[in-house]
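# Structure assessment
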Amino acid sequence: MISAYILITMHPGKSDKAIKEMRQIDNVAKISIIAGEYDIVVRAQVKNLEELLDVTDKLQMIEGVNKTTTQIIEKEISLQ
Amino acid sequence: MIIRKKYLFYVLAITSSFIAAGVTGIDSFVGSQSAFKYDPWAFAFSLFFIGAVITLLISLVLSIKFKGKNLGAKILDPSFKQLRMIKKSEIKYHLIAGLMNAINTVGYCAIVSMVQDPSVILSFSQIVILYLLLMESITEKDVPTLVEVQSSVIVAFGAILASISLTGEFQLLPVLIVFLVVNPTWAVFSIYQRKLKIMKINNRPNDSINIRFWNVVFSLLFTAVLILIFDLFTSGSHLIAGFVTSIDPYYFLLLALTMGTTFFSYVLYIRSLGMGKASVNNAIRASTIIFAIPFSILLLQLGIITEFSTDPVMLIIKIIGMVLIIMGIISFALAVVKAYIFIDVETGTPLRETMNKLWDIRGVSHVSITSGKYDFIVKVSTRTLMKGYERIIKKLNEIDEIKKYHWESVLKDWEKI
């Protein structure tokens, strides 16, 4: 299983509709709206890089998405 | 389905409390039965003996696959695959949780045998939240903040008010049992159940159904040992009495009902423990008091209990207590600040060492080493931004390997369930 954070910058005023569409995408485990350099962080959990490409592809097709930056997780420690 | 994680956490904890309130009602009836009224030891043994049987049966049913996914994963915990053998890494935690649950249940059975109204039984046990806050400040990475302490105290006192009985006389022994036996053991039990839930088993999150099953097995083992020792010292026969009562069809069905229902309450509780601290979970679980009141009225209507007052003063006190519980829970829910921190480190620094330094910071819930623009993505939770600065930013500044970082506060989030 591969996990990745996809950091998204949005065009202003398009976030609500975009998030509704993001929630429909398979392999999206978590979506956070954030304040700062990026607007949205999506956490994807996929079986292989091909599936990760599908997720980023679908994200980039959503109206209002300006730019995506993908960070693949190599190692992780978490409380949950 | 992707929903807000916070909602799921509260739904799980509150549903668990609702079922627990029903269980307490059934337990009061069972505890008043002649076989158990004067023998809480036999009651505790019978609970776990039949509990182990019924938990095994339910877990096996939940392991049945239906359209490629088992029933347990569909309706209770998505992490559940099937009933499995215990792992070596889990044994220590199960031993402690099992021992605590065994002692707790003996204490609980003693109280149920002494007091009639379940909403009174539950009262002082809500102080457990304060025990948990104290223990978490020692065992967990997150020291309680002022908001947590305030909310917990509001909930605990609200729970006491909501469950006070003006008609019942004050009984010292049950209150002592609650303070010295039930509360400390429940606090340790909750912390270790949480430790089990957040463990990874075969690279998957541990599931609450297996945790519950093995907890009942260990609790049965410890209860039997404790009663055996007690019997040997007092020349009693509580263990045999418990066993004989367990195989009586009437009592078997009664206890199967209570332990079968308890199973669902605990599985949801353990799952919610995986999402939030034990103290916060127990604060939400104080809503059991509110749910116990309709069950108490029902038992009163059925003539099973007699000690429940409908005096207006009494009702006003109970309503004030309920309002306090709700206020406390809401203030818990609203007072959380979460953030992502994106970190770049100097080249040539060992990432694993830096990872451990980041993990040691209080309030850090995830540390990920990533490939791409950033070397680390860290997720943090704190009750206030000021605490975030005091506990997290200051500590980040002390890590020499960090070249630059930026904090991005989470405004709202959703998570797949």
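Preceding this paragraph is the structure being described.
All figures in this text were calculated on a predicted structure; none of them were measured in a lab.

Let us now look at the overall build of chain B. Summing up its helical and strand segments, chain B has 17 helices and nine strands in all. Out of the 417 residues in chain B, the part that is buried amounts to 51%. Long-range pairs, those at least 24 residues apart, make up 82% of the contacts in chain B between residues at least 6 apart in sequence.

The pairing of strand β2 (residues 28-35) of chain A with strand β3 (residues 40-46) of chain A spans five bridges and is classified as antiparallel. Residue pairing across strands places I33 of chain A opposite I40 of chain A, the latter belonging to β3 of chain A.

As a further point, take the interface of chain A and chain B. Between chain A and chain B, the contact holds 26 residues from the first and 28 residues from the second. Every element with two or more residues in the side of chain A that touches chain B is listed here: β2 and β4 (65-78) of chain A. Here the side of chain A that touches chain B gets 10 residues from one element, more than from any other, and that element is β4 of chain A. When the residues that make up the side of chain A that touches chain B are grouped by side-chain class, the tally is 13 nonpolar, seven polar and six charged. Sheet analysis places β4 of chain A next to strand β7 (residues 364-371) of chain B, joined by six bridges and oriented antiparallel. Paired with E76 of chain A across the two strands is S368 of chain B, which belongs to β7 of chain B.

So, on to the nonpolar core. By size, the foremost hydrophobic cluster in this structure holds 91 residues, and its most contacted members are A44, F45 and V155 of chain B. One finds I19 and Y38 of chain A together with V367 and F376 of chain B within the second-largest nonpolar core, a separate group that totals 41 residues.

This part covers the environment of I343 of chain B. Residue and element names in this part refer to chain B. Positionally, I343 belongs in strand β6 (residues 337-345). Measuring from C-alpha to C-alpha, the distance between I343 and W407 comes to 8.9 Å, with 64 residues separating the pair along the chain. Not counting residues up to four positions away in its chain, the partners in contact with I343 are Y374, D375, F376, V378, I402 and Y405.

Next up on the list: the pairing of β4 of chain A. Pairing between strand β1 (residues 2-10) of chain A and β4 of chain A: seven bridges, direction antiparallel. What sits directly across from M10 of chain A, in β4 of chain A, is V65 of chain A.

With that settled, the discussion passes to unusual backbone geometry. Look at N27 of chain A: it is not a glycine, yet its phi comes out positive at around 70°. Within the secondary structure, N27 of chain A is located in the loop between α1 (15-22) and β2. Even without being glycine, S235 of chain B reaches a positive phi, approximately 55°. Of note, S235 of chain B is situated in the loop between α10 (208-234) and α11 (238-246).

Residues and elements named next belong to chain B. Contact pair α10 / helix α12 (residues 249-273): the axes reach a minimum separation of 9 Å and the direction vectors enclose 125°. Of the possible angle classes, the one that applies to α10 and α12 is oblique. Crossing geometry of α10 relative to α12 is assigned as right-handed. Where α10 approaches α12, its residues S208, I209, I211 and R212 are matched on the opposing element by F263, Y266, V267, I270 and R271. For the contact of α10 with α12, the class distribution of residues is six nonpolar, one polar and two charged.

All names here are of chain B. Within the fold, L8 resides in helix α1 (residues 5-31). Judged by local crowding, L8 falls into the partly exposed class, with 18 C-beta atoms found within 10 Å. Linking L8 and W414, residues 406 residues apart in sequence, is a C-alpha distance of 9.9 Å.

On to the packing of α10 of chain B against α11 of chain B, then. All names here are of chain B. With their axes 8 Å apart at the nearest point, α10 and α11 run at an angle of 130° to one another. In terms of axis orientation, α10 runs oblique to α11. When α10 is examined against α11, the residues A224, I227, L228, F230 and D231 are found in contact with a partner set consisting of H238, L239 and G242. The residue inventory of the contact of α10 with α11, partitioned by class, reads five nonpolar, two polar and one charged.

Calculation rules
- Residues numbered from 1 in each chain as written.
- Chains lettered and ligands numbered in written order.
- Predicted model: local features only at pLDDT ≥ 70, side-chain atom pairs only at ≥ 80, totals over all residues.
- Helix = DSSP H or I, 4+ residues; strand = E, 2+ residues; numbered from the N terminus.
- Buried ≥ 20, exposed ≤ 12 C-beta atoms within 10 Å, placed from the backbone.
- Contact = placed C-beta atoms within 7 Å.
- Pairing = 2+ DSSP bridges.
- Nonpolar A, V, L, I, M, F, W, Y, C, P; charged D, E, K, R; others polar.
- Core = buried A, V, L, I, M, F, W, Y, C linked by C-beta atoms within 7 Å.
- Axes fitted to C-alpha atoms, helices over the stretch in contact; angles between N-to-C directions.
- Parallel < 35°, antiparallel > 145°, perpendicular 65-115°, else oblique.
- Left-handed = near helix turned anticlockwise from the far one by under 90°.

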